[in-house]
Amino acid sequence: MIRKCVLSFILVFSATCANAQEVRVRSGEHDGFTRLVLQIPPKTDWTLTHEKDGARIDVELDGVTYNTNSVFSRLSENRLKSLSQEKPGTALEMEFGCACAASAFLFRDNMIVVDIAPGEPSLSVTQDLPPMVLLPDLQLDDESEIEETPDPVPSLQLNGRALEDQLMSRMLQGADREIVDLQLSDIGPRSTEKVAPGNILEDLPANVMVSSVLDELRGLEGLSLPQIETQPTCISDKDLGFASWSDGRPFPEQVAELRTGLFLEFDRIDVERVEKLAQLYAYHGYGAEAVQTLELLANAPSNSAWIIAISNLLDGRPQSEPNPFQSLQRCEGDAALWALLTEGDLHPDAQLSSIEQSFARLPDHLRRSLGPELSEILVNAGELEAARRVLRSVDRIDADSQPKVTLAKADVAEAAGDKAESEALLSEVIQASESDLETPLALARLVEKRWSDRGAITSEELELVAGFAIQLRRSEIGSVMAQSHAVALGLNQEFGPAMELIRAHSEDQDWAGASNRVMHLLSERADDVTFLRYALNLRPVSGDTLETETAIALSERLAELGFASQAYALANRPQDRIKRKDRARLRARAALLQGQPHRALLEITEDDSDEAQLLRARALADTADLSTAASLLRATGENDEADRLFWLAGQTEDINGTSSSKFGTLSELDQALGQPVSRSPDTPLSDAKTLLSDSELTRERIEELLTIAANK
């Protein structure tokens, strides 16, 4: 038993260590800066170094690799141009698309937050501090009595939070000395009281001066302090009171009671009852009714924004601005849950444990409704275990999972890499008789999964997608199903109908993703004639909407078929910002096809990969520098081609004699033929016999040499 426990511990520890070597990089756009978040193990050392037009971040983990798959899908600005890592264990290289600088800080001991904003790298705030100002009326006769004043603000070298903590400690010291009177407010939202200007020490004699520890901060008014980002005040559970929006009685009974006393005498509206009725509607999932109830009031109550935000969420309507739960995911309590659901993505400072606890306290009907949506947000953020816990909480309500929950489980399985489980769950949703919109959505996700796996699609699935595309063409998901139909046709290698659908919606920006998928499949699966039919007739508009990966795939296929100018055009688009080396190698290939070896060498000047070395060798061979080209090929392991170039260059001594290639054999024959014949003048008969034998061997070698040379 002990041996099994030890073995289990070793396996778990090994798996944990293995997983810890991959650092997931998340991204987000903010007003004025782009943010990257790297999830690292606690107590991991890291450094951020600025470079020309970029920066690099180095995390001290053995063999670390950075998962950047979802970074650029969330970015809309051009502040971050590309992310790259030369090999596992090296730094993450960031290239900026603007005159930007990066700053970084550690959050919660396990997240590196990197902000990229326009500007130059800033100096430390502790540099060039202004001198401290002494009290103007202080006169000392003996200069020896002047003591060196310690720096009163050592926390300036820290972040804004540390500066705030030190200021609060100074205030508490003043309160202890009865110099400052602190009046603490209750927890919750509050407005700041404004103090009227005036002289509060009117009776103070002219020769008396009052000071406190707060005065030690004088003289620093001109100091350039770091900008401290203000955060909205958290909403406590007591103020929100979502659990009290219903008293537990049957819903019709509560509605009847509140509606009965809704109007007072003279048709005046009972504001309190209106608010309670709106809260009751929202609590039970009737968002539109809650908003309509609040419209009865000319002056909405202070917490009506909370009710409207939750109601819009439950009905799937867009949130009104400003969102009252904006930036509250960092809070403890129910407000963090509503902030996450209304904002739609997980923030780095989110209190995930508090969010899960708040979700578990929701009534059953809201957990059924919001569980799949919350799970999707967590999956997009990479929190798979949290997503599983949310779905298990929903499963505890109903023994049989609803199609929407099953669809969410398929997303979790897909994100975890369990493709078989994901496909089985999607098939379960498709075959479920009680599902409504979940069936076509599951079918669309199944098509997307087959595209990601580069799999095939059955004729039955294709017919089902086509049927849903026609049936739901006027619905909210009509465009989604039509795009899935086009991709399904591409998966089934029916590129004619697929391209007709793409061209019919060429002006629709929503079809850009489907168009790229079909074109990618065209470059991978179509025969040469079909591929050239559509690839050589790309319209300018559709060509501009191609993603970089799709353009590279089309360019590679065109280069293989010898269409150099078209391949070069797709690899030299100004809008492409990623995969620079891949595009440079394609431009080099196109240049070689056009007979421009010097241009090809310029394209791959900074590329040291094996593929670039092969292209460089081809270019050097075209310039008649056969010896250098052969040496490059030898270094990359292309021994047969290297031997051929050495043979053409006349450097037979550099040919690998042990090589199994024909040029190795030719080299051996050449060396053998060059060997002098041993003569024996003293024994004429023996010498003649030796000459005959050598002559016969030479003829055989010449015949073998000619045979090998003739077989190309």
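Reading the values: the criteria
Residues numbered from 1 in each chain as written. Predicted model: local features only at pLDDT ≥ 70, side-chain atom pairs only at ≥ 80, totals over all residues. Heavy atoms only, no water. Pairing = 2+ DSSP bridges. Helix = DSSP H or I, 4+ residues; strand = E, 2+ residues; numbered from the N terminus. Axes fitted to C-alpha atoms, helices over the stretch in contact; angles between N-to-C directions. Core = buried A, V, L, I, M, F, W, Y, C linked by side-chain atoms within 4.5 Å. Buried < 20%, exposed > 50% of the residue type's maximum accessible area, 1.4 Å probe, protein only. Contact = heavy atoms within 4.5 Å. Parallel < 35°, antiparallel > 145°, perpendicular 65-115°, else oblique. Left-handed = near helix turned anticlockwise from the far one by under 90°. Nonpolar A, V, L, I, M, F, W, Y, C, P; charged D, E, K, R; others polar. Disulfide = S-S within 2.5 Å.

Peer 1: I tried to follow the sheet that holds strand β4 (residues 54–59) on my own but got confused; where do I start?
Peer 2: Strand pairs in the sheet, formed through backbone hydrogen bonds, run parallel or antiparallel to each other. Reading across from one edge, β3-β4-β7-β6 is the order of the 4 strands in this open sheet, with antiparallel pairing throughout. Looking at which strands have only one partner, the edges of the open sheet turn out to be β3 (46–51) and β6 (80–84). Ignoring strand direction, the axes of neighbouring strands in this sheet form an average angle of 20 degrees. The pairing of β4 with strand β7 (residues 92–96) spans 4 bridges and is antiparallel. Across the sheet, residue Gly54 finds its bridge partner in β7, namely Glu95.

Peer 1: Got a minute to help me understand the nonpolar core in this structure?
Peer 2: Nonpolar side chains tend toward joint burial in soluble globular proteins. By size, the foremost hydrophobic cluster in this structure holds 55 residues, and its most contacted members are Phe242, Phe325 and Trp338. Leaving out residues up to four positions away in the same chain, Trp338 has contacts with Leu240, Phe242, Ile310, Leu313, Phe325, Leu362 and Leu370.

Peer 1: Mind showing me how you'd approach the packing of helix α15 (residues 459–471) against helix α16 (residues 478–491) here?
Peer 2: In a packed pair of helices, the relevant descriptors are the angle between the two axes and the axis-to-axis distance. Where α15 contacts α16, the axes come no closer than 8 Å and their chain directions differ by 155 degrees. The angle between the axes of α15 and α16 places the two elements in the roughly antiparallel class. Crossing geometry of α15 relative to α16 is assigned as left-handed. The residues of α16 that touch α15, namely those facing Leu462, Val465, Ala466, Phe468 and Ala469, are Met481, Ala482, Ser484, His485, Ala488 and Leu489. Looking at the contact of α15 with α16, its residues break down into 9 nonpolar, 2 polar and no charged.

Peer 1: In this structure, what is going on with the state of the cysteines? I would like to understand it.
Peer 2: Disulfides are covalent bonds that connect the sulfur atoms of two cysteines. Using the criterion set out here, one finds 2 disulfides in the structure. There is a disulfide in this structure between Cys98 and Cys100, and the S-S distance comes to 1.7 Å. Since a negative S-S torsion denotes a left-handed disulfide, the Cys98-Cys100 link at about -70 degrees is left-handed. One disulfide bridge connects Cys234 with Cys331, the sulfur atoms lying 2.0 Å from each other. Measuring the twist about the S-S bond at about -85 degrees, one finds the Cys234-Cys331 disulfide to be left-handed. Remark: Cys331 occurs in the loop between α7 (304–315) and α8 (334–343) and Cys234 occurs in the loop between α2 (160–176) and α3 (237–240); sequence separation between them is 97 residues.

Peer 1: I keep staring at the pairing of strand β9 (residues 111–118) and nothing clicks. Help me out?
Peer 2: The two faces of the sheet receive side chains in turn, since in a regular strand these alternate between them. The element β9 is extensively covered by neighbouring structure, given that 6 of its 8 residues are classed as buried. In the sheet, strand β2 (residues 33–39) pairs with β9 via 6 bridges, with the strands oriented antiparallel. Its bridge partner being in β9, Thr34 is matched across the sheet by Ile116. Judged from the 8 bridges that link them, strand β8 (residues 100–107) and β9 form a sheet pairing that is antiparallel. Bridging from a neighbouring strand, Ala101 pairs with Ala117 of β9. Hairpin connection between β8 and β9: a loop of 3 residues separates the two successive antiparallel strands, and Arg108 in this loop has a positive phi of roughly 60 degrees.

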